[in-house]
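One-letter residues, chain by chain:
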There are 2 protein chains.
Amino acid sequence: MPQTHPLNQEISLSVIKTACSNCNLRELCLPYGLSLEELERLDDLVSTRRRIKRGDHLYRAGEVFDAIYAIRSGFFKTDVLLEDGRDQVTGFQMAGELLGLDGISTEHHTCNAIALEDSEICAIPFSRLEVLSREIHTLQHHFHKVMSREIVRDHGVMMLLGTMRAEERLAAFLLNLSQRFTARGFSHAEFYLRMTREEIGSYLGLKLETVSRAFSRFQEEGHIAVQQKHIRILNVNGLKALMNHRAA
Amino acid sequence: MPQTHPLNQEISLSVIKTACSNCNLRELCLPYGLSLEELERLDDLVSTRRRIKRGDHLYRAGEVFDAIYAIRSGFFKTDVLLEDGRDQVTGFQMAGELLGLDGISTEHHTCNAIALEDSEICAIPFSRLEVLSREIHTLQHHFHKVMSREIVRDHGVMMLLGTMRAEERLAAFLLNLSQRFTARGFSHAEFYLRMTREEIGSYLGLKLETVSRAFSRFQEEGHIAVQQKHIRILNVNGLKALMNHRAA
DNA sequence: GTGTTCGCTTGATCCAAGTCAACCATAAAT
DNA sequence: ATTTATGGTTGACTTGGATCAAGCGAACAC
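Residues numbered from 1 in each chain as written. Chains lettered and ligands numbered in written order. Predicted model: local features only at pLDDT ≥ 70, side-chain atom pairs only at ≥ 80, totals over all residues. Heavy atoms only, no water.

**Let's talk about the relation of the copies chain B and chain A**
- Here chain B sits on chain A after a turn of 180 degrees about the axis and a move of 0.0 Å along it, with an RMSD of 0.0 Å. Expressed as an axis order, the relation between the two copies is that of a two-fold axis. Across chain B, the rotation axis passes nearest the C-alpha of R134 of chain B, at a separation of 2.2 Å.
- A share of 100% of interface residues in chain B that are also interface residues in chain A marks the association as one of identical surfaces. (Least-squares fit on C-alpha atoms with pLDDT ≥ 70 in both. Contact = heavy atoms within 4.5 Å.)

This is how it looks when you write it as structure tokens:
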């Protein structure tokens, strides 16, 4: 008779939900490739789940680092601040992706992580992750891969910022989002942007007006349909063509 | 009577030189923080040393990844290539720094590593490094820090490319080089650039002409003295001031 | 409802860096 | 010693994206 004990039910549900072993993101997230038995050991470690409301910080630059975070649901941005007040968005993160890897280096976070919609995260105490990954080879190797993937991603962004024109950057950005939504089982052709034009611009090294103009231009040329934050991709190949446009 | 056996002498010297335990870079490189006994175990692993001549590749994008490389002496650049021929330098690496971390992700290298002067590297077979870092906590943790530091560095470059003007970028670049030379016991105020203006420009998202003009301007303003690749920093604070110049 | 705020779009103008081009310096090749 | 190649500097001009500015539409508060 669950109805008579709503609170207990809530708790047990939450305990079930928090386990990696039955998280539907396990193929994207840290548990990737682990056996059932290994998964259960990871479950012990990933005990704390936390809700972060839209606009709130998951962590701030300068805070002591002691855990990395897996996004269970929702959407985040990370940004870095320069002393003189300038800032830059360094990435957008969605379900199944890890946050906080930058903090390992100095044992302090070096950027801010802010929820762009109400989100849920799993905290993974880092020292315990190191212990466990000494015991589970697969986990160790996968964690190394995740860190390395982050480095490769960053190189992509450097390429984008260093060599691409405004429209190429935005095309690359949209294609990347589309691909990541697809990997999570959502439509590749239709999605809502969680971030503002200004945040997109900050990430792409452009001003919000330039981002807005590029959206308008893509729409005029029939590549996409834009209505506020709702994006429909009408011509993927058109967008891809925009990217390889100008040779060295 | 060493003179009578020059070849043997050479070999034994080289064996001695190859050990992490008496490498003068151990405080900068992977061995950082290890005990003597742990160091000796790392020595077993880092058995292969290789010379790379100026202009030669240490590895190429697409090659299978199986080792990371510690720079023993010399200077490298890494670059990524886009399908359409555009390329970008993603970093410059000097003695004590690690190369190849990007390859862990896909088990293939994703960039090219090219020696900018005759160099020597130590190859560290990655699977053996994983084994050893399961056994030596300090090594495991330090390796994680090194990877994380690379991510933080990349964020810095993103900031540079996304929000800074040409002269700020070059000032940041020179200050960074100076600081890294200092950490290696060289002069902080005087050094030779190992890369061309074009390579600097590629790294900073600028054209070589812009880099050249910025050098000239710094010289006019008395911040540095430039003679080809020989740089003397005359006014560190002047350069630093250039960076924080314009607020958001 | 009506005002207020925030995010977005669009136009007009400006400027930092790119492009094109000529020339110079150093080092290697003959 | 002279040629050739490579890398660097400088000038004139162009341009893509920034800046400044006005106005619009959706969401929310009252």
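Picking up where we left off.
**Points about the sheet that holds strand β7 (residues 190–192) of chain B**
All names here are of chain B.
- Strand order in the open sheet made by the three strands is β7-β9-β8, with antiparallel pairing throughout. Looking at strand neighbours, the two that pair on one side only are β7 and β8 (224–227), the edges of this open sheet. The sheet shows a mean angle of 15 degrees between the axes of neighbouring strands, direction not considered.
- Across four bridges, the pairing between β8 and strand β9 (residues 230–233) is antiparallel. Along β9, the bridge assignment pairs A225 with R232.
- Across the face of the sheet, helix α7 (residues 208–220) comes into contact with β8 and β9 while running at roughly 130 degrees to β8. (Pairing = 2+ DSSP bridges. Helix = DSSP H or I, 4+ residues; strand = E, 2+ residues; numbered from the N terminus. Axes fitted to C-alpha atoms, helices over the stretch in contact; angles between N-to-C directions.)

**Remarks on the protein's contact with DNA strand C**
- Within the structure, DNA strand C sits among 16 residues, and R197, S212 and S216 of chain A together with A166 and T210 of chain B are positioned closest to it.
- Sugar plus phosphate: this is where 66% of the atoms of DNA strand C within 4 Å of the protein reside.
- The separation between a phosphate oxygen of DNA strand C and a polar main-chain atom of R197 of chain A is 2.8 Å.
- A distance of 3.1 Å separates a sugar or linking oxygen of DNA strand C from a polar side-chain atom of R165 of chain B.
- Taken together, the elements giving at least two residues each to the surface near DNA strand C come down to α7 (208–220) of chain A together with α7 of chain B.
- The greatest single-element share of the surface near DNA strand C, amounting to five residues, is contributed by α7 of chain A.
- Residue composition of the surface near DNA strand C, grouped by class: three nonpolar, five polar and eight charged. (Near = heavy atom within 4 Å. Polar contact = N/O pair within 3.5 Å; in protein donor to acceptor, adjacent residues only side chain to side chain. Nonpolar A, V, L, I, M, F, W, Y, C, P; charged D, E, K, R; others polar.)

**A few points about the packing of helix α5 (residues 166–183) of chain A against α7 of chain A**
All names here are of chain A.
- Two elements in contact, α5 and α7, have axes separated by 10 Å at closest approach and are oriented at 75 degrees. Judged on the interaxial angle alone, α7 and α5 are roughly perpendicular. The segment α5 lies against α7, with A166, E167, L170, A171 and L174 engaging T210, V211, A214, F215, R217 and F218.
- In terms of residue class, the contact of α5 with α7 is made up of eight nonpolar, one polar and two charged. (Parallel < 35°, antiparallel > 145°, perpendicular 65-115°, else oblique.)

**A short note on the interface of chain B and chain A**
- Of the residues lining the interface, 48 residues belong to chain B; the matching set on chain A comes to 48 residues.
- Carbon and sulfur atoms supply 59% of the area buried between chain B and chain A, which totals about 4700 Å² over both sides.
- Three residues, R86, R134 and M158 of chain B, lead the burial of chain B against chain A; their summed loss comes to 16% of the area buried on that side.
- Taking the shortest distance from any N to any O, the salt bridge between R86 of chain A and E168 of chain B comes out at 2.8 Å.
- Elements with a minimum of two residues in the side of chain B that touches chain A: β4 (87–94), α3 (126–135) and α4 (137–163) of chain B.
- With 20 residues, the top contributor of residues to the side of chain B that touches chain A is α4 of chain B.
- Classifying every residue of the side of chain B that touches chain A gives 17 nonpolar, 17 polar and 14 charged. (Buried area = accessible area lost by both parts, 1.4 Å probe. Salt bridge = Lys/Arg side-chain N within 4 Å of Asp/Glu carboxyl O.)

**So, the packing of aromatic side chains**
- Evaluation of the coordinates by the stated rule reveals 18 aromatic pairs over all chains.
- Arranged with centres 5.0 Å apart and planes meeting at 35 degrees, the rings of F181 of chain B and F191 of chain B form a pair that is tilted. Here the residue F181 of chain B occupies a position in helix α5 (residues 166–183), and F191 of chain B occupies one in strand β7, the gap between them amounting to ten residues. Note on accessibility: F181 of chain B and F191 of chain B belong to one class, buried.
- Among the aromatic residues, those joined into a ring-pair cluster are F75, F92, F173 and Y203 of chain A. (Phe/Tyr/Trp six-rings, centres within 6.5 Å; stacked < 30°, edge-to-face > 60°. Buried < 20%, exposed > 50% of the residue type's maximum accessible area, 1.4 Å probe, protein only.)

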